[in-house]
Amino acid sequence: MDRALELARRGPAHGPNPRVGCVLLAGAAPDGVPGGAPDGAPARVLGEGYHRGAGTPHAEVAALADAAARGHDVRGATAVVTLEPCAHTGRTGPCAHALAEAGVAHVVHALDDPNPAAAGGAAVLRARGVRVTGGVRAAEAGELLRVWATAAGRGTPYVTLKTATSLDGRVAAADGTSRWITGPQARAHAHAVRAEVDAVAVTTGTVLADDPALTARRPDGSLAEHQPLRLVVGRRDVPGGARLRGPGGPLVHVRSHAVADLLAAAAAHEVRHLLVEGGPAFAAALLAAGAVDELHAYLAPVVLGAGPAAVGDLGVTTLAAAPRLRTARVERLGDDVLLVARRDPAPPPAAAPTEGDS
Ligand SMILES: NC(=O)c1ccc[n+]([C@@H]2O[C@H](COP(=O)([O-])OP(=O)(O)OC[C@H]3O[C@@H](n4cnc5c(N)ncnc54)[C@H](OP(=O)(O)O)[C@@H]3O)[C@@H](O)[C@H]2O)c1
């Protein structure tokens, strides 16, 4: 499973599909060690695969093709997969059937599929006489697939709110100047995050004030390979000459103030991970709606004393009513600090592996 997780990480972080890895091992598990040889020797790898993004073969199918290319017979083999094999036909066929058809005897997976449309692969496999063991390395797989699993499970994107502020939480000085509060390393980091998300959203207010391009750029200024969808929320028009209309991801304007409308528009474009970069009133609306899964707070050691705060009035009048996140990670970026906080960072409990019936 460690190897399968390593393979899964090679897939793209963005896109509607999860990052999944699969390793096919010779033999079933006579001694309870999946794929392990009875004498304790490492199991022979027949094939490996991972998912490279929507429309390309799933990890299981890639591993079966790899085994075939190596001339290996996979009948009686064990498939170790980071996610329960899917049971549905989307852009590609169902993996549970592909594994059963190929004669795989035992499937070991980490996470159950949270996507209602694709779940049920374990049951399909069991019905075809394949032994199934779930929950192996579930915590690690859960962390790798946290964004995707959250979004797929509830049908709306995982929302990361980004703020770049002075130490006293301000996003601009009293005269409106805001470039740049944070330093080059923090800004480069923010661009790397844009290259990993599906969409970036800002309000019309920020478009009119700052004219952002909302592109993912490399440190040399060139455009990264993946460009996020650009979402603007608010009723005013996006000016014809706005940088948002220049090179980069497609532009979608949501003429509304409702958080639900933005999330629905994003979901309609298959957005799993949405990065919101302002402004303050919309950040407050998101927090008040309980729609923020993760906060990326870039803090610069500069003090402004006046100017707009990163988050507008939330309607909180007493401390106990304030939304409180938990710190997941702190990173130093040059002179600045990035605080990554999450609504619920607790990893899923490492469930004991579950066995199939067959
Ligand atoms: N450093 C940072 O991290 C950062 C990030 C973003 C912005 N900023 C700065 O913050 C300042 C203010 O930005 P901003 O004008 O975008 O802030 P904002 O107060 O959040 O935006 C207000 C506008 O957003 C639209 N909007 C959409 N949904 C809304 C909702 N639920 N509630 C209220 N308004 C909603 C409305 O536009 P319509 O009237 O068109 O409907 C509204 O006029 C700018 O100077 C910008 O430079 C800094």
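For the structure itself, consult the block above.
Residues numbered from 1 in each chain as written. Predicted model: local features only at pLDDT ≥ 70, side-chain atom pairs only at ≥ 80, totals over all residues.

## Brief notes about the site of the ligand
In the region of the ligand, 27 residues are neighbours, and Gly205, Gly234, Gly278, Gly279 and Ala281 sit closest. Breaking the shell around the ligand down by element, the ones donating at least two residues are β6 (158-166), α8 (204-210) and α10 (280-288). Ranked by the residues each element gives to the shell around the ligand, the list is headed by α8, at 5 residues. Here the residues of the shell around the ligand are counted per class, giving 11 nonpolar, 12 polar and 4 charged. (Near = placed C-beta within 6 Å. Helix = DSSP H or I, 4+ residues; strand = E, 2+ residues; numbered from the N terminus. Nonpolar A, V, L, I, M, F, W, Y, C, P; charged D, E, K, R; others polar.)

## Side note on unusual backbone geometry
With an omega dihedral of -10°, the bond running from Arg179 to Trp180 counts as a cis peptide bond. Its place among the elements puts Trp180 in the loop between β6 and α7 (184-194). Note the cis peptide between Gly278 and Gly279, where omega equals 0°. As for its position among the elements, Gly279 is in the loop between β10 (273-276) and α10. The phi dihedral of Asp211 falls on the positive side, at around 50°, and the residue is not glycine.

## Topic: the nonpolar core
Membership of the largest hydrophobic core comes to 92 residues, with the highest contact counts inside it found for Cys22, Leu24, Leu99 and Leu231. The leading source of residues in this core is helix α2 (residues 59-69), at 6 residues. When residues of this core are sorted by domain, at least three fall in each of domain 1 (2-145) and domain 2 (156-342). (Core = buried A, V, L, I, M, F, W, Y, C linked by C-beta atoms within 7 Å. Buried ≥ 20, exposed ≤ 12 C-beta atoms within 10 Å, placed from the backbone. Domains from an automatic or database assignment.)

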